[in-house]
Structure formats: structure tokens, C-alpha cells
Amino acid sequence: MRCHVLTSACLALLGLSAEASVVRVAEERPLAVGQALHLRVEAGSLEVRPGEAGKVGLEATLAPGQRVVWRESVDRRVLIVDDPERLSPRRSELRVAVPAGAPLVIHLGGASLDLQGAEAPRLVVRGGSGARIAGAFDAADVRVDGALDLQLEGPTGDVRAEGREVEVVSRGAIGSVAVDALGGPSTLALDSPRRVRATSVSGSITLRLGSASGADVVLESLSGDLRVDLVGAWPRAIVAQLASGVLSLPVAETPRVAAGAAVGEGGRLVLRSFSGDARVEGVAPPAGGPAPVPGRN
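Residues numbered from 1 in each chain as written. Predicted model: local features only at pLDDT ≥ 70, side-chain atom pairs only at ≥ 80, totals over all residues. Heavy atoms only, no water.

Novice: Run through the overall build of the protein chain, naming residues and quoting values.
Specialist: Scanning the protein chain from N- to C-terminus turns up 1 helix and 21 strands. Burial analysis of the protein chain (297 residues in total) assigns 45% to the buried set. Here the contacts in the protein chain between residues at least 6 apart in sequence split such that 42% fall between residues at least 24 apart. Accessible area of the protein chain: about 14100 Å², with a carbon and sulfur share of 54%. (Helix = DSSP H or I, 4+ residues; strand = E, 2+ residues; numbered from the N terminus. Buried < 20%, exposed > 50% of the residue type's maximum accessible area, 1.4 Å probe, protein only. Contact = heavy atoms within 4.5 Å. Areas by Shrake-Rupley, 256 points an atom, 1.4 Å probe, with all protein chains shown as cover.)

Listed below in C-alpha cells is the structure:
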């Protein structure tokens, strides 16, 4: 009994100590029209959500000694989590509300990112242990160290997505798409892209394509399998460059297979893998709602 009481007391003290060892910050800063918002978080987590026009809202949980630093110039406002007491930054937790229309530039270090519902003409993300992103962007350049889940809502211009493993979903027209998976699979679901370049060091690449008739698509994996599900029109030419794998597609579509084909009207699908197989299939469109992401139930 006495041991139980002592244990409970110790746990209570530890809880109080843990609560007392954090610093909570809540701030708002103005953001002028045309100013970009730069965020720099070296460790922990960053959550970004839509906010009110004309200002940035911040809620932060920091370790003692950490501080939030704001800097401003004509074209940008910068938010930095500074940890001057440590050589290695400690974890912090940030929730930032951003107005629609503000360009976003995010440097994560080793932090994770959860960005949902943002609307920005430009999104740039660098570093990070992983990122979940969903929003509407005129252009996006996202390169993280961990896994990347990128959901694009509405028409989008050029997109670059890089991570250990990558998933990209685009509902609407999209310009040039470049995807690089450094240690795992790539999964793409694109309604109407103009140009696609997807590479994977060793993982598979799966692409669900709304229509290939006007797209120039190249999929390349060192050793992974390649799969393309075509919902709409087929490309004019399919170019299979497989070192040892096998190409599978419906017999009726075999006349489309070519030794090489220049980019032109009608679209082109190039499949390259050193040791993997390649498969191209026509699939029925979903009965309603957006197309399901390949590989998901």
C-alpha cells in the first residue's frame, strides 16, 4: 500500500514537472497582401491550417529557453523557432493559421508537417521527417526526407514531389509533374496531366491516369514494377524499355507498342525498369466521386 502511494505521488510530481517544463505561446502578426510567409521549425511538428485574411495566427508549445522569432521585409514575414541554449534543437509543437493567397515557404529540419486546406500561389517545402499536404496551389515544390502524401485540389501548374516514398493525387488539370521516391514506392492518381516524370530508386510505381491522349508520361524504376491504370483514352504510343521484365497489356492495344516515339499528338507512355515488370490496363471510371488512389481499398 505504502509503495503504491509513493508511486502515485512520484507520477503526480512527474506530471507537474512535465507540465511546468513547457512554454505556451499564442500570437498574431499582420501579413500584407503579396507578402510570403516563411516558416522554419527544426524539430517537432508543424500544423498549418487556413486562417483569417491579413494576419498569421500562432499557437506554440516550446521547451524552456526556446523562443519564437519574427522577422519582416517588404516581400515576406518569417517565423523561426530559435533554440539558442542547445546545439541540437529540441522538439517544439506549432499550429499556424495562414490567410488564403499567401505564398508559403517551409523549412522543416527534422520536424514533421501537416498542412490541410491551404490556398497559395506557391508552396515550397524543404526537409522534414514526413509531410501530409492537401490544398490548392498554383505551383508546388516539395522535397522531404521522409514519406510524402500530397493531395492537390483544383487546377495546378508545375509540381515537384520528392521523399522516401511518395503519393500524389491531383483532381483537376495539372501541368508538369516530377516525382522522385528515394527509398520506396510511388503512387500517383492524376486526372489530366500534361507531362509526368516519376522515378523510384528501388520501389514500384503505380499510376492511375484519367486520360493519356494528351500526356507525355515517363515512369522509371531501377528494380520496381510499373503499373498504369488508364481510365480514359490510351496514348498514341507505348514505349517499353525493360532490361529483363515483361510488358503486359490487352491484346487489342499491342499495336500501340513502339520501339521509340517522339512526343507528339496523341500522347506517349514510356516505361523503364532494369529488373521489374510493366503492366498497362484500361479500367472503368468510378461510379461517383473522385477516382480511388491506386493500391488503396
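Alright, that's what it looks like, and here's the rest.
Novice: Break down the nonpolar core for me, citing the residues and quoting the values.
Specialist: If you look at the biggest cluster of nonpolar residues, it comprises 68 residues, and the most contacted ones within it are Leu46, Leu113, Leu115, Leu123 and Ile133. In contact with Leu113, not counting residues within four places along its chain, are Leu46, Val48, Ile106, Leu108, Val125, Gly130, Ala131, Arg132 and Ile133. (Core = buried A, V, L, I, M, F, W, Y, C linked by side-chain atoms within 4.5 Å.)

Novice: Which residues make up the pairing of strand S17 (residues 226-230), and what values do they have?
Specialist: S17 sits mainly inside the fold: 4 of its 5 residues count as buried. As paired elements, strand S15 (residues 205-209) and S17 share 5 bridges and run parallel to each other. Each residue of the ladder has a partner; that of Thr206, found in S17, is Arg227. For S17 and strand S21 (residues 278-282), the ladder comprises 5 bridges, and the chain directions are parallel. (Pairing = 2+ DSSP bridges.)

Novice: Give a description of the environment of Ala212 that names residues and reports values.
Specialist: Note on placement: Ala212 falls in the loop between S15 and strand S16 (216-221). C-alpha of Ala212 to C-alpha of Pro235: the two residues are 23 residues apart in sequence and 4.9 Å apart in space. If we ignore the near neighbours within four places in the chain, the residues touching Ala212 are Leu230, Ala233, Trp234, Pro235, Gly266 and Gly267.

Novice: Provide a residue-level description of a nonpolar patch on the surface, including the pertinent values.
Specialist: Side chains of Leu182, Val201, Leu222 and Phe274 sit close together on the surface and give an oily, nonpolar patch of about 410 Å² of accessible area. Within the secondary structure, Phe274 is located in the loop between strand S20 (268-273) and S21. (Patch = residues over 30% accessible without salt bridge, like charges linked within 9 Å, V, L, I, M, F, W, Y side chains within 5 Å. Salt bridge = Lys/Arg side-chain N within 4 Å of Asp/Glu carboxyl O.)

Novice: Describe the side chain of Ser176, naming the residues involved and giving the relevant values.
Specialist: Relative to the elements of secondary structure, Ser176 occurs in strand S13 (residues 166-181). For Ser176, a relative accessible area of 15% corresponds to the buried category. Excluding residues within four positions of it along the chain, Ser176 makes contact with Gly157, Asp158, Val159, Arg194 and Arg195.

Novice: Any details on the confidence of the model for the protein chain? Residues and values, ideally.
Specialist: Chain-level statistics for the protein chain give a pLDDT mean of 89 and a share of 87% at 70 or above. Ignoring residues within four places in sequence, the model shows residues 1-19, a span with pLDDT below 50, making 1 contact including any to other chains. Note on residues 289-293: pLDDT under 50 across the span, and 8 contacts to partners over four residues away in sequence or across chains. (pLDDT = per-residue confidence, 0-100.)

Novice: How would you sum up the pattern of salt bridges? Please name residues and give values.
Specialist: Scanning the entire structure with this criterion turns up 22 salt bridges. Glu42 is paired through a salt bridge with Arg40; the nearest N and O atoms lie 3.9 Å apart. For Arg40, a relative accessible area of 34% translates into the label partly exposed. Glu253 is paired through a salt bridge with Arg256; the nearest N and O atoms lie 2.6 Å apart. What emerges from the salt-bridge pattern is a single network uniting Glu28, Glu52 and Lys55.

Novice: Describe the pairing of strand S8 (residues 104-107), with residues and values.
Specialist: Bridge analysis of strand S2 (residues 36-40) against S8 gives 4 bridges, and the strand direction is parallel. Looking at S8, one finds that His38 is bridged to Val105. Sheet analysis places S8 next to strand S9 (residues 112-126), joined by 4 bridges and oriented parallel. Its bridge partner lying in S9, Ile106 is registered against Val125.

Novice: Kindly report on the side chain of Asp141, identifying the contributing residues and their values.
Specialist: Along the chain, the position of Asp141 falls in strand S10 (residues 130-143). Leave out the neighbours within four places in its chain, and Asp141 touches Leu123, Val124, Val125, Arg126 and Arg160.

Novice: Would you mind going over the environment of Val217 in detail, with residue names and values included?
Specialist: You can see Val217 is positioned in strand S16. Take Val217: its relative accessible area is 1%, and that puts it in the buried class. The spatial distance from the C-alpha of Val217 to the C-alpha of Val270 is 6.1 Å, given a sequence separation of 53 residues. Those residues within four positions of Val217 in sequence are excluded, and the remaining contacts are Val196, Arg197, Leu207, Leu209, Arg268, Leu269 and Val270.

Novice: With reference to specific residues and values, describe the environment of Pro84.
Specialist: Tracing the backbone through its elements, the reader meets Pro84 in the loop between strand S6 (76-82) and strand S7 (92-98). Residues Pro84 and Arg67 lie 17 residues apart in sequence; the distance between their C-alpha atoms is 8.6 Å. Setting aside anything within four residues of it in sequence, one finds Pro84 in contact with Gly65 and Arg67.

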